[in-house]
Amino acid sequence: MDFPIVPHPAPVPASERNARIVDPGFGRVFTDHMAVVRWSEAEGWHGAEISARKPLTVDPATAVLHYAQEIFEGLKAYRLDDGGLALFRPEANARRFQASARRMAMPELPEDVFLGSIEALVKAEKDWIPTIDGGSLYLRPFLIASEVFLGVKPASEYLYMVLASSAGSYWKGGARPVSLWVSHDYSRAAIGGTGDAKCGGNYAASLVAQQEAIRRGHDQVVFLDAAERRWVEELGGMNIFFVFDDGSIVTPPLTGTILPGITRDSILQLARDAGLTVREELYSIDQWRADAESGRLVESFACGTAAVVTPIGKVAGPDYAFTVGSGATGQTTQRMLDTLSAIQRGRALDAHGWLRRIA
Ligand code: PLP
Ligand code: COI
């Protein structure tokens, strides 16, 4: 499927664009264009184009506004040292987008259309990639139920779009060890629910817990499993890893309640490559606390596309608080961050063929 470009009639002037991308933070600076594809029962996927990013006009009875039939993805485009452009494992995002669509009874976007939309948009908007350290173009593909109908059923019409956003650090003030609040009251996902789909509703459900974490002076919430309130699952938008003094590393298994992160999968592979013993197994909050206190646990970190690899310094719950290691960034955390970033930016051997060069 081709993505013809319908140019923006009045794009942001270069001087203004350059000012906006000096310190873009995350999720606030958007480019001039977006990708669009429509789906209907009669026509299937059609109407692909790259056109001006502008407000949508939707009927107030549009299905997504009522029943949240919506999925999204998040991936980044990087500028390489030789001036080229690359995406990191976009095929994995395309497949996860299809898996999310199946869970939400939505049509599956073909992988080549997903990749085509992203490549066309990145090529059109490459000047929006910040040149600052850690800069990238964050891509947000999403699919919404666009049928105007208040009956509860899978919609008969959908709208797929991709936004591009200049990104620096996800964290205000740059990366530093974060402090986590363990929610013992709110769950993110249960068995049979939508925890392993990337749907907006999961994030809506996480907000009150995240709000509580902030109110209590922490950066992020960490969720426990819904059934036993015992097993550590993930953060609101990141997976989690534990590093032990014997050189082994543990992350919760994909049981259906956590998002199968592409960063998570990449770190598992990089850890194996580095000769670490890797285990995907359940890890309880009580064990985490005991291991941190005994010194058996030396590091913990969170990971995801937006936040990359983020050290966890402190953890607290209703009647406990502990520090992980020295509270500073650990060796393995730093090594994973450096190795992953170097591959993403084309500065290290890409042994697993993860980088997709598009220019
Ligand atoms: N967990 C959740 C709930 C997320 O939203 C994300 C972000 O996409 C991740 C984990 C990490 O996934 P990935 O590494 O594919 O970005
Ligand atoms: C990402 O890391 O891409 C995410 O989607 C996390 C968050 C911004 C929702």
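Residues numbered from 1 in each chain as written. Chains lettered and ligands numbered in written order. Predicted model: local features only at pLDDT ≥ 70, side-chain atom pairs only at ≥ 80, totals over all residues. Heavy atoms only, no water.

1. Description of the packing of helix H3 (residues 90-103) against helix H4 (residues 111-124)
Between H3 and H4, the shortest axis-to-axis distance is 9 Å and the interhelical angle comes to 125 degrees. The pairing of H3 with H4 is recorded here as oblique in orientation. Two packed elements cross with a definite hand, and for H3 against H4 that hand is right-handed. Seen from H3, the contacting residues are Pro90, Glu91, Asn93, Ala94, Arg95, Phe97 and Gln98; seen from H4, they are Glu111, Phe114 and Leu115. Classifying every residue of the contact of H3 with H4 gives five nonpolar, two polar and three charged. (Axes fitted to C-alpha atoms, helices over the stretch in contact; angles between N-to-C directions. Helix = DSSP H or I, 4+ residues; strand = E, 2+ residues; numbered from the N terminus. Parallel < 35°, antiparallel > 145°, perpendicular 65-115°, else oblique. Left-handed = near helix turned anticlockwise from the far one by under 90°. Contact = heavy atoms within 4.5 Å. Nonpolar A, V, L, I, M, F, W, Y, C, P; charged D, E, K, R; others polar.)

2. What to know about the site of ligand 2
The environment of ligand 2 is made up of Phe26, Phe72, Gly74, Tyr138, Arg140, Lys198, Tyr203, Gly237, Thr305 and Ala306. In this structure, an oxygen atom belonging to ligand 2 sits 2.7 Å away from a side-chain N or O atom of Tyr138. Here an oxygen atom of ligand 2 sits 2.8 Å away from a polar atom, N or O, in the side chain of Lys198. The fraction of the free accessible surface of ligand 2 (280 Å²) that becomes covered by protein chains is 87%. In terms of residue class, the shell around ligand 2 is built from five nonpolar, three polar and two charged. In this structure, the shell around ligand 2 is formed jointly by two domains, domain 1 (14-167) and domain 2 (178-344), each of which donates at least three residues. (Near = heavy atom within 4 Å. Polar contact = N/O pair within 3.5 Å; in protein donor to acceptor, adjacent residues only side chain to side chain. Areas by Shrake-Rupley, 256 points an atom, 1.4 Å probe, with all protein chains shown as cover. Domains from an automatic or database assignment.)

3. Digging into the nonpolar core
Counting residues in each nonpolar core, the largest one holds 53 residues, and the members touching the most others are Phe114, Val122, Leu139 and Tyr160. Each of domain 1 (14-167) and domain 2 (178-344) contributes no fewer than three residues to this core. Once residues within four sequence positions are removed from consideration, Val122 is found in contact with Ala77, Leu85, Leu87, Leu137, Leu139 and Ile358. Among the nonpolar cores identified, the runner-up in size contains 25 residues, and Leu180, Val232, Trp288 and Leu297 belong to it. (Core = buried A, V, L, I, M, F, W, Y, C linked by side-chain atoms within 4.5 Å. Buried < 20%, exposed > 50% of the residue type's maximum accessible area, 1.4 Å probe, protein only.)

4. Notes on the domain arrangement of the protein
Considered domain by domain, the protein is made up of domain 1 (14-167) and domain 2 (178-344). Placing a centre on the C-alpha atoms of domain 1 and another on those of domain 2 gives a separation of 27 Å. Across the contact, 19 residues belong to domain 1 and 20 residues belong to domain 2. Interface area for domain 1 against domain 2, summed over the two sides, is near 1600 Å², with a carbon-plus-sulfur share of 61%. If you sort the residues of domain 1 by the area they bury against domain 2, Phe72, Phe88 and Arg96 come out on top, with a joint share of 36%. In this assembly, domain 1 and domain 2 are joined by one salt bridge. Ionic pairing is found between Arg89 and Asp265, a salt bridge with its closest N-O pair at 3.0 Å. (Buried area = accessible area lost by both parts, 1.4 Å probe. Salt bridge = Lys/Arg side-chain N within 4 Å of Asp/Glu carboxyl O.)

5. A look at the site of ligand 1
Near ligand 1, the surroundings consist of 16 residues, among which Arg96, Tyr203, Glu234, Thr263 and Thr305 are the closest. For ligand 1, an oxygen atom lies 2.4 Å from a polar atom in the side chain of Tyr203. One nitrogen or oxygen atom from the side chain of Thr263 is found 2.5 Å from an oxygen atom belonging to ligand 1. Of all the elements in the fold, those that place two or more residues in the shell around ligand 1 are helix H6 (262-273) and strand E15 (297-304).

6. Here's the deal with unusual backbone geometry
Even without glycine at this site, Ala68 takes up a positive phi of about 60 degrees. With respect to the helices, strands and loops of the structure, Ala68 is situated in the loop between helix H2 (63-67) and strand E4 (70-72).

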